[in-house]
Amino acid sequence: MILKSIPLFTLLLIASLSSCKQKAETKHQSPRDLFPGLFEAVQAGNVFEDSKTFPDCLPKREPEKILKDYEEQKKAGGFNLKAFVEANFTQPEAPTTNYHSNTAAGVEPHIRSLWDVLTRRPDKYYQYGSLLALPHPYIVPGGRFREVYYWDSYFTMLGLEESGRTDLIESMVNNFAYLIRTYGFIPNGNRTYYLTRSQPPYFSLMVKLLMENKKLKSDSVLKANRDALEREYSFWMNGRDAKKGANLHVVVMPDGENLNRYFDSGDWPREEAYSEDVAVAVNAGAAKTDVYRHLRSGAESGWDYSSRWFSDGRSLHTIQTTNIIPVDLNALLYHQEIMLARAYQVAGDIKAKDIMLGSAERRKKAIMKYCWDSEAGWFRDYNWKSEATTGSMSLAGVYPMYFNMISVGRADTLSKTLEQKFLKPGGLVSTLTNTGQQWDSPNGWAPLQWMAIAGLSAYKKQELSREISRRWSTLNIRVFSKTGKLMEKYNVVDTAVFAGGGEYPNQDGFGWTNGVLLKILTQQKNQSIQ
């Protein structure tokens, strides 16, 4: 049994994970827990245009007193719910600032000046607010996203690196390590209503990036974050003792391999998207609790939402996220295993290093076995219930290339498929299906562009890598020149049209778009000099 050879510290972390999470959830009640009845009434009544507004409000008094007045005033007649909420809660600050873009100065000065606009200082703790206070400065994505977001932050860090802001990269890594040590994992964002789920596990890449930017102290960075890496790995691997089938985030395959899925521990509507989730569940034709868990787990994937998760490949009402073994998630966990092995080597624990390398190798083989579609020349997600790959082709298929998990021959095949099927005038399209969802065609997203660009470069596919960079950066700059903004996502098929679809209105800011674009522009400059 692998667990027997892992250091005692790690075993203790695995054993204590569930109790730690329960303590965190008890200590930090979400708005739904604090205001039962009132919360549902406000969200169902669409008191605010955006479902995220009320969960982010600050109560002006103790919840018990607000709830008591709520019940009494309802009975008195002539009750106005909106007026009551305005009297008892402080709304979050509007996402607008006094910042004005100077398009004449160019996009790079714009991005560098935006870091200060998007930076938040260490948080104050409010007993009944939903914000989970962080001890160090951090970057928010922008717009309605007023808190830190997990996987967004890695791509933001790429731009911070090019801006020489190693200090801010380090403070963000320290914040994520703090979240792991406090809650046993990194939540989707630093809000109480995100304490049921994480996001794609990029923490090991963040640690690696910080190590690369503190070369003389790289080992000390790894040593300082080893416990956090172990604990996050325990979160994702908790449940792997099951004999077969799925348990939490782990799926034990028919031949005994351990692979992972996205899995939110909640089975109720997301507090920040309450009305939207209720509407989907009503029309889904399945048990509402199952639909809610699939929706929440889809949010954990970061791809909320995409045809990747739909059983019919078209409709959100057929969402089945927890049935899917995502190729990108498992590639990320492969990297985490490699980083843990490296941490054990630095610590001189060669036995633990070898065990973790063995886990990584088994995971890689399982990804090749279950996810590689030789006919399509692409990595697909795998449905563990139907025991077959899904019909969806998405940019998640580039992750094994990014992490150098595949042979040169397979990389050749993958790059040809990428160019033939995914490359559009404005960059790479997220999937080949147009469903109206924001993570489907015709939309392109900065993080997926970067995973493909860097993956191709790692396999010496420089021509295609540079062409994707050129098309994506040209589109970003063109939109910036017209609007003074960098967007969250872009229509890469028809570059004259803004991207749309999905969960919420287009945002501007925008953390990961800024980061990836600045990284690309720096690379292009360096390539022109060579």
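Right above here is the structure, for reference.
Rules used in this analysis
- Residues numbered from 1 in each chain as written.
- Predicted model: local features only at pLDDT ≥ 70, side-chain atom pairs only at ≥ 80, totals over all residues.
- Heavy atoms only, no water.
- Pairing = 2+ DSSP bridges.
- Helix = DSSP H or I, 4+ residues; strand = E, 2+ residues; numbered from the N terminus.
- Axes fitted to C-alpha atoms, helices over the stretch in contact; angles between N-to-C directions.
- Parallel < 35°, antiparallel > 145°, perpendicular 65-115°, else oblique.
- Left-handed = near helix turned anticlockwise from the far one by under 90°.
- Contact = heavy atoms within 4.5 Å.
- Nonpolar A, V, L, I, M, F, W, Y, C, P; charged D, E, K, R; others polar.
- Phe/Tyr/Trp six-rings, centres within 6.5 Å; stacked < 30°, edge-to-face > 60°.
- Lys NZ or Arg CZ within 6 Å of the ring centre and 35° of its normal.
- Core = buried A, V, L, I, M, F, W, Y, C linked by side-chain atoms within 4.5 Å.
- Buried < 20%, exposed > 50% of the residue type's maximum accessible area, 1.4 Å probe, protein only.
- Polar contact = N/O pair within 3.5 Å; in protein donor to acceptor, adjacent residues only side chain to side chain.

Draft legend 1. Quick peek at the sheet that holds strand 5 (residues 245-247). Taken together, three strands build an open sheet; the order of strands is 5-6-7 and the sheet is antiparallel. Every other strand in the sheet has two partners, leaving strand 5 and strand 7 (258-260) as the edge strands with one partner each. The mean inter-strand angle of the sheet, taken between neighbouring strand axes irrespective of direction, is 30°. As paired elements, strand 6 (residues 250-252) and strand 7 share three bridges and run antiparallel to each other.

Draft legend 2. Highlighting the packing of helix 8 (residues 150-162) against helix 18 (residues 446-458). For the pair helix 8 and helix 18, the least separation of the axes is 10 Å and the interaxial angle reads 60°. It follows that helix 8 is oblique to helix 18 by the angle criterion. In this structure, helix 8 meets helix 18 at a crossing whose hand is left-handed. Contact residues: Trp151, Phe155 and Leu158 in helix 8; Pro447, Trp450 and Met451 in helix 18. The residue makeup of the contact of helix 8 with helix 18, split by class, is six nonpolar, no polar and no charged.

Draft legend 3. Representation of the packing of aromatic side chains. Applying the stated criterion across every chain yields a total of 35 aromatic pairs. Chaining the aromatic ring pairs together yields one cluster made of Trp151, Tyr154, Phe155, Tyr202, Trp303, Trp439, Trp445 and Trp512. Taking NZ or CZ as reference, arginine 32 lies 4.4 Å from the ring centre of tryptophan 268, over its face.

Draft legend 4. Region of interest: the sheet that holds strand 8 (residues 324-325). An order of 8-11-12 is seen for the three strands of this open sheet, with the pairing classed as antiparallel. Each edge of the sheet is formed by a strand with only one pairing partner; in this case those strands are strand 8 and strand 12 (388-389). Across two bridges, the pairing between strand 11 (residues 382-383) and strand 12 is antiparallel. Following the sheet pairing, asparagine 383 is matched in strand 12 by alanine 388.

Draft legend 5. Examining the nonpolar core more closely. Residues Phe155, Tyr202, Phe203, Tyr399, Phe403 and Leu418 are the most contacted members of the largest nonpolar core, which totals 140 residues. It is helix 14 (residues 327-346) that contributes the most residues to this core, 11 residues altogether. Those residues in contact with tyrosine 399 that lie beyond four places of it in its chain are Trp151, Tyr202, Asp328, Ala331, Leu332, Leu448 and Met451.

Draft legend 6. Local environment of the side chain of arginine 146. Structurally, the position occupied by arginine 146 is in the loop between strand 4 (138-139) and helix 8. A polar contact is formed between the side chain of arginine 146 and the side chain of aspartate 56, at a distance of 2.8 Å. Among residues more than four places away in sequence, those in contact with arginine 146 are Lys52, Thr53, Asp56, Pro92, Glu93, Val140 and Arg191.

Draft legend 7. A look at the environment of glutamate 361. Position of glutamate 361 relative to the elements: it lies in helix 15 (residues 350-371). For the pair glutamate 361 and glutamate 337, spaced 24 residues apart in the sequence, the C-alpha separation amounts to 9.3 Å.

Draft legend 8. The arrangement of helix 10 (residues 203-213) in detail. Of all the 11 residues making up helix 10, eight are buried; the element is thus mostly covered by neighbouring parts of the structure. Among the residues making up helix 10, those that are buried are Phe203, Ser204, Leu205, Met206, Val207, Leu209, Leu210 and Met211. Those residues of helix 10 hidden inside the fold are in contact with helix 8, helix 9 (166-183), helix 11 (218-237), helix 14 and helix 16 (399-402).

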